[in-house]
Amino acid sequence: MQEGTFNSPGHLAETAGGTERGNVYAAQCPTRLLLDRIADKWTVLLLGTLAGGPMRFNALKRHIEGVSQKMLSQTLRQMERDGLVSRTVEATVPVTVIYTITPLGETLIAAFQPVIDWAETRMPQVAEAQARYDERDR
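Residues numbered from 1 in each chain as written. Predicted model: local features only at pLDDT ≥ 70, side-chain atom pairs only at ≥ 80, totals over all residues. Heavy atoms only, no water.

Colleague: Mind laying out the layout of surface pockets, listing which residues take part and the relevant values?
Modeller: Roughly 260 Å³ of internal volume is contained in the second largest pocket. As for the second largest pocket, its lining consists of 14 residues, and the residues nearest its centre are Lys-41, Val-44, Leu-45, Ile-116 and Glu-120. Elements that contribute at least two residues to the lining of the second largest pocket include exactly helix H2 (41-50) and helix H5 (103-136). (1 Å grid on protein atoms, 1.4 Å probe; cavity = no way out; pocket = protein on both sides within 12 Å on 5 of 7 lines; lining within 4 Å. Points joined across faces, edges and corners; volume = space filled by probe spheres on them. Helix = DSSP H or I, 4+ residues; strand = E, 2+ residues; numbered from the N terminus.)

What follows is the structure, given as structure tokens:
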């Protein structure tokens, strides 16, 4: 069985509508692994970038400052496995690989956009809190 495959009924919770869902508070629930992956900064940044349209690997690398080629490759591979992005190979010389956000990925970036907006607009307040905390420990 592959990592993160959801197959353990002991980690399911039943909703009011009678459907089953994962329980991220259960230590062995695969949804905890999924939460760890989707909350990763590279996943969030890649989804946000791909929400603007399909891109090639090197364009993604140039757009997202600080991501290594290895980390970009690993993250894209996992995102493809999770159904968040699709990878299309075009038979050109050299081969062209295009990454596109999937409908599932679009639902995730829509959920994360308020968090991204919060981080971008609240950083001054966080920096002030950090400065107060650091000053207190001197």
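Colleague: Let's hear about the side chain of Thr-75: which residues, and what values?
Modeller: Its place among the elements puts Thr-75 in helix H4 (residues 69-81). Owing to a relative accessible area of 7%, Thr-75 belongs among the buried residues under this scheme. Beyond its immediate sequence surroundings of up to four residues, Thr-75 is in contact with Trp-42, Thr-43 and Leu-46. (Buried < 20%, exposed > 50% of the residue type's maximum accessible area, 1.4 Å probe, protein only. Contact = heavy atoms within 4.5 Å.)

Colleague: I'd love a proper account of the nonpolar core, names of residues and values included.
Modeller: Ranked by size, the top nonpolar core spans 23 residues in total, and within it Leu-46, Leu-47, Leu-50, Leu-60, Leu-72, Leu-76 and Tyr-99 carry the most contacts. Elements represented by at least two residues in this core include exactly H2, helix H3 (57-63), H4, strand S5 (96-101) and H5. The element that contributes the greatest number of residues to this core is H2, accounting for five residues. Those residues in contact with Leu-50, other than ones at most four positions away along the chain, are Met-55, Leu-60, Val-85, Tyr-99 and Ile-101. (Core = buried A, V, L, I, M, F, W, Y, C linked by side-chain atoms within 4.5 Å.)

Colleague: Account for the packing of H2 against H4, naming residues and giving values.
Modeller: Relative orientation of the contacting elements H2 and H4 amounts to 75 degrees, with a least axis distance of 10 Å. When the axis of H2 is compared with that of H4, the two are roughly perpendicular. Residues Trp-42, Thr-43, Leu-46 and Leu-47 of H2 form the contact with H4, whose participating residues are Met-71, Leu-72, Thr-75, Leu-76 and Met-79. Counted by class, the contact of H2 with H4 contains seven nonpolar, two polar and no charged residues. (Axes fitted to C-alpha atoms, helices over the stretch in contact; angles between N-to-C directions. Parallel < 35°, antiparallel > 145°, perpendicular 65-115°, else oblique. Nonpolar A, V, L, I, M, F, W, Y, C, P; charged D, E, K, R; others polar.)

Colleague: Tell me about H4, and please be specific about residues and values.
Modeller: If you check H4, its first and last C-alpha atoms are 18 Å apart, about what 13 residues at 1.5 Å a residue would give, namely 18 Å. Buried within H4 are the following residues: Leu-72, Thr-75, Leu-76 and Met-79. Projected down its long axis, H4 carries its buried residues within an arc of 100 degrees, all on one side. H4 presents Lys-70 and Arg-77 as exposed residues on the side facing more than 90 degrees away from its buried surface. Taken from the residues just after H4, Gly-83 is the one with a positive phi, measuring 85 degrees. (Expected span 1.5 Å × (residues − 1). Arc of directions from axis to C-beta.)

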